Every structure is written in C-alpha cells, then in structure tokens.
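For reference, the chains in residue letters:
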Amino acid sequence: MKRMDKRKVYWLCQIGGWSAYSLNELALYSFSFGYSDGLLINAIVTIVLGICITHLYRLAIKRLSWLDLPLSQLIPRIAASVMFMAIIMVMLSVLLDYYTVPDIRKYFSLTSMVFFVISWGKQLLLWSVIYHLFQYFERSKKNEVEKVKLSSSVKEFEAKILRSQLNPHFMFNALNSIRALVLENPERAQISVTRLSNILRNSLLADRRRTVTLEEELKTVQDYLALEKIRYEDRLNAQLNIEPSTLSVQIPPMMVQTLVENAVKHGISKPLKGGFITVDSTIKGDFAYILIRNTGILQQVNSDGFGLVNTTQRLALTFGSQAHFEIKQESAEVVCAQLTIPLASAQEAPKNQILSRNKQLINTPSATSIQGKLA
C-alpha cells in the first residue's frame, strides 16, 4: 500500500469511525430526551473533537517515538494518555451539552462525570488499540521486507568486499620481495611464503564467516606487516598495543587488515623517510575501540576500490547503528582511523580458544611490539 493510500485510509477511518460513534450517541440521546437541533450540533462537534484529539495523539506518538518502545513502557503511556484525553473530552462535552441541551443539566453530578470519563476512556482506548495494532502489523511487514533486502545486500556486499580484499599491487610487490630473498636468505623466504599463504587463505575464507575474533585478525595483520617490512625495511616501524581483554572481540574479517594496508599505502610508501603504524585496542564501558594510527596527512577520503567507505557500511550491516568508523587527522603528521564496536553485538569467543594463542601476540599484560618480528 502506497503512502498516499495509507493516508486516505487513515482519514476515512477517522471520519467514518467518529461519525458512526456520534450518530449512535445522537440516536441514544434523542431516544432518551427527544430530538433537538442542539443534539445534532453536539454530534457534529463531537466528530470534530474526536478527530482532532486523536490526530494530535497520533502526532505526539510519532514525535516521541512511542512505536519503538517495548510493551512494558508503551502500555503505561497509552493508559495515561487515554485517561488524559478522556478527561479533556468530558470537560468539552459537558460544556457543550450545558449550552446545547439544557434538559440534560439536571443529570450532571460527580457520579455522572466519572461515568462519562469511563465511557470516553473506552472509546479512546479502543481507538488507541486499533491504531497501535495497525502500526505493529505494518512495522512487522516492513521489517520482514527489510530483512530480506538486508540479507540480499549483505551477500552482495560481502562478495564485493571479497573481490577487493587483496590489493593486486600488494601481491605483486610481496612476490617480488620473496623472489629477492630466495637466494639471499632462503629461510626467511620460506617464512614469507607461509605468511603470504596465510593471508590468501584468510581472504578466501572471509566470505564464509560473518565475524572473526580480533586475535585472528591480528595474525593476518602481522603476516601482512612482516611482508611489507621486507619491502620497506627501516622505513616501516610497526607496533601492536593490544589489551588482552579485546582479543576475543568479534569484528568483520579483513577489516583491520584493510585499514592497515591503507595506512601503509598512504603513510609509509609516500614519504622518503617512511613512517610508523600502530594498532591499539581497548575496552571502555560497553564498547571496544580499535585505533590504527600512521604517519601521513589525510586527503580526501575514498575507497580506491576497497577500504574506508566500505568499512562504515560493513560495520552497519554487522553491528547496526551503534557501531562507528571515523578517520581523522589526529595531529600534524598523524592520521587515526578508529573502529567503535558495541560489545553487546560482538559476542566474545570462548576464552579457551584465546589463551592458547595469547603468547604469540603479547609479551606483556598491556601491549606488544611486533617490530622485532618483522625483521
């Protein structure tokens, strides 16, 4: 149903519903007190008042985002609103009846006021229940459609990410570096081939897993930096500062590696003197923070086929709106890319799968430098 169609249905229901209610009341009052023009005026005004007050209630619901609240919070709000609207309608109706139907004045009393409030409360509660049920089913239908679209988008997006994960220039340079080591340092060449195969394997498996632990991701980052260390030698100074508590945090596969690759491309390869790259991780409150810093000056942000733009989309698809990606010029010659991941969405991996690999990543309780491993 199109938006305009829904609006028409809403107004038809409003006018039709309140007209039917007012005509029914007109018939009852006419039967009890006899027909008069005052009763007809009263019925017409009631239609207008009913439409106005419920429409204002609808606008308030949307502005206050009540439709997003759980039932435990929504029900008390509906009850209070219905009571408030019922009291207003009784006050206006009594005032209107007082002038349009003089014969009814003798029936006004505290008991009758309570009865009127209950009577109006029933009508307004019925309106509220019908409206909220309609919105619930509409939102459920919309959510189902969005889930289908999201599932399709995720598959399409992951395929795009997979195709762009491995920078062909990196592969070419890594192979050239390994070729130069074959005669000069065969043992190191063998280790480099193993590192390259690890990166290839992790990249090929990326489309099969929604998330990986930060610990697994850092192994790929280490392999990548070790290969780049062969090429840049002393121009590349890399260090990981990882809190052990963050190793089990789940992140999208190849995300940190892609950001590190971007840092090498823009922060190390361009300056003649090279520069540094650091990867830091910490947990504060309900969020895990991963920061990639590198030497450089931030230019216009673009994806170059993979990387920065896609990172924001992947975080949103995986963790929702609470996840966040930001890249900024932290100081005169330092660029910082920050990933903010909600821990509630990133479920921690079993601890026994982490402890067996901790010593490979950390030498102290707070941080580790991989610079020595890259030589």
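Residues numbered from 1 in each chain as written. Predicted model: local features only at pLDDT ≥ 70, side-chain atom pairs only at ≥ 80, totals over all residues. Heavy atoms only, no water.

Examining the overall build of the protein chain
Filter applied, for reference: Helix and strand labels come from DSSP, where a helix needs a run of H or I of at least four residues and a strand needs a run of E of at least two; each type is numbered from the N terminus. Partly exposed describes any residue whose relative accessible area lies between the buried limit of under 20% and the exposed limit of over 50%, with all areas from a 1.4 Å probe on protein chains only and scaled to the type maximum. Contacts were defined at the residue level, with two residues in contact if any of their heavy atoms lie within 4.5 Å. With residues, only the protein chains shown are counted as cover, and all accessible areas are computed by Shrake-Rupley using a 1.4 Å probe.
Tallying secondary structure elements over the protein chain gives 10 helices and seven strands in all. Expressed as a percentage of its 375 residues, the buried residues of the protein chain come to 43%. Of the contacts formed within the protein chain by residues at least 6 apart in sequence, a portion of 76% connects residues at least 24 apart. As displayed, the protein chain offers around 21500 Å² of accessible surface, 61% of which is attributable to carbon and sulfur atoms.

Describing helix H6 (residues 186-205)
Operational definition: One less than the number of residues in a helix, times 1.5 Å, gives the span that helix is expected to have.
Here H6 is 20 residues long and its end C-alpha atoms lie 29 Å apart, about the 28 Å a rise of 1.5 Å per residue gives. Taken together, the buried positions of H6 are Ala189, Ser192, Leu196, Asn198, Ile199 and Ser203.

Quick notes on the environment of Ile118
In this fold, Ile118 is placed in helix H4 (residues 110-165). Accessibility expressed as a relative area gives 46% for Ile118, which makes it partly exposed.

Let's talk about the nonpolar core
We apply this condition: Put simply, buried Ala, Val, Leu, Ile, Met, Phe, Trp, Tyr and Cys residues joined by side-chain atoms within 4.5 Å make one nonpolar core.
Among the nonpolar cores identified, the biggest contains 45 residues, and Leu225, Val256, Val279, Ile290 and Ile292 are the most heavily contacted of them. Of all the elements, helix H7 (residues 214-232) adds the most residues to this core, at eight residues. Residue contacts for Val256: discarding those within four places in its chain leaves Leu214, Glu217, Val221, Ile251, Val279, Ile290, Ile292 and Leu339. Grouped together as the second largest cluster of nonpolar side chains are 28 residues, Tyr10, Trp66, Leu124 and Trp127 included.

Examining the environment of Gly320
Counting through the fold element by element, Gly320 comes out in the loop between helix H9 (308-319) and strand S6 (324-331). Sequence spacing of Gly320 and Ile341 is 21 residues, and the spatial spacing of their C-alpha atoms is 9.6 Å.

A few points about the pairing of strand S5 (residues 287-295)
Stated precisely, the cut-off is as follows: Pairing between strands is defined by DSSP: at least two bridges between them are needed.
Pairing analysis gives eight bridges linking strand S4 (residues 275-284) to S5, with the strands arranged antiparallel. If you follow Ile283 over to S5, its bridge partner there is Ala288. When S5 meets strand S7 (residues 334-342), the two strands line up antiparallel, connected through nine bridges. Across the sheet, residue Thr295 finds its bridge partner in S7, namely Val334.

Structural notes on the layout of surface pockets
Here is the rule: Every definition here rests on a 1 Å grid over the protein atoms only: cavities are sets of points where a 1.4 Å probe fits but cannot get out, pockets are open sets enclosed by protein on both sides within 12 Å along at least five of seven lines, and lining residues have some atom within 4 Å of a point. Grid points are joined across faces, edges and corners, and a volume is the space filled by probe spheres set on the points. Gly is put with the polar residues, along with every residue not named as nonpolar or charged; the nonpolar set is Ala, Val, Leu, Ile, Met, Phe, Trp, Tyr, Cys and Pro, and the charged set is Asp, Glu, Lys and Arg.
In this model, the largest pocket occupies a volume close to 1100 Å³. Every residue lining the largest pocket is counted, 27 residues in all, and those nearest its centre are Tyr10, Arg58, Tyr131, Phe134 and Gln135. Only helix H1 (3-33), helix H2 (37-64) and H4 provide two or more residues apiece to the lining of the largest pocket. Tallying contributions element by element places H4 first for the lining of the largest pocket, with 12 residues. Grouping the amino acids of the lining of the largest pocket by side-chain chemistry returns 14 nonpolar, four polar and nine charged.

What about unusual backbone geometry?
One non-glycine residue, Ser65, lies in the positive phi region at around 55°. With respect to the element layout, Ser65 can be found in the loop between H2 and helix H3 (71-100). Residue classification places Ser65 among the partly exposed residues on the basis of a relative accessible area of 35%. Positive phi outside glycine occurs at Met254, with the angle close to 70°. If you trace the backbone, Met254 turns up in the loop between strand S3 (250-251) and helix H8 (255-268).

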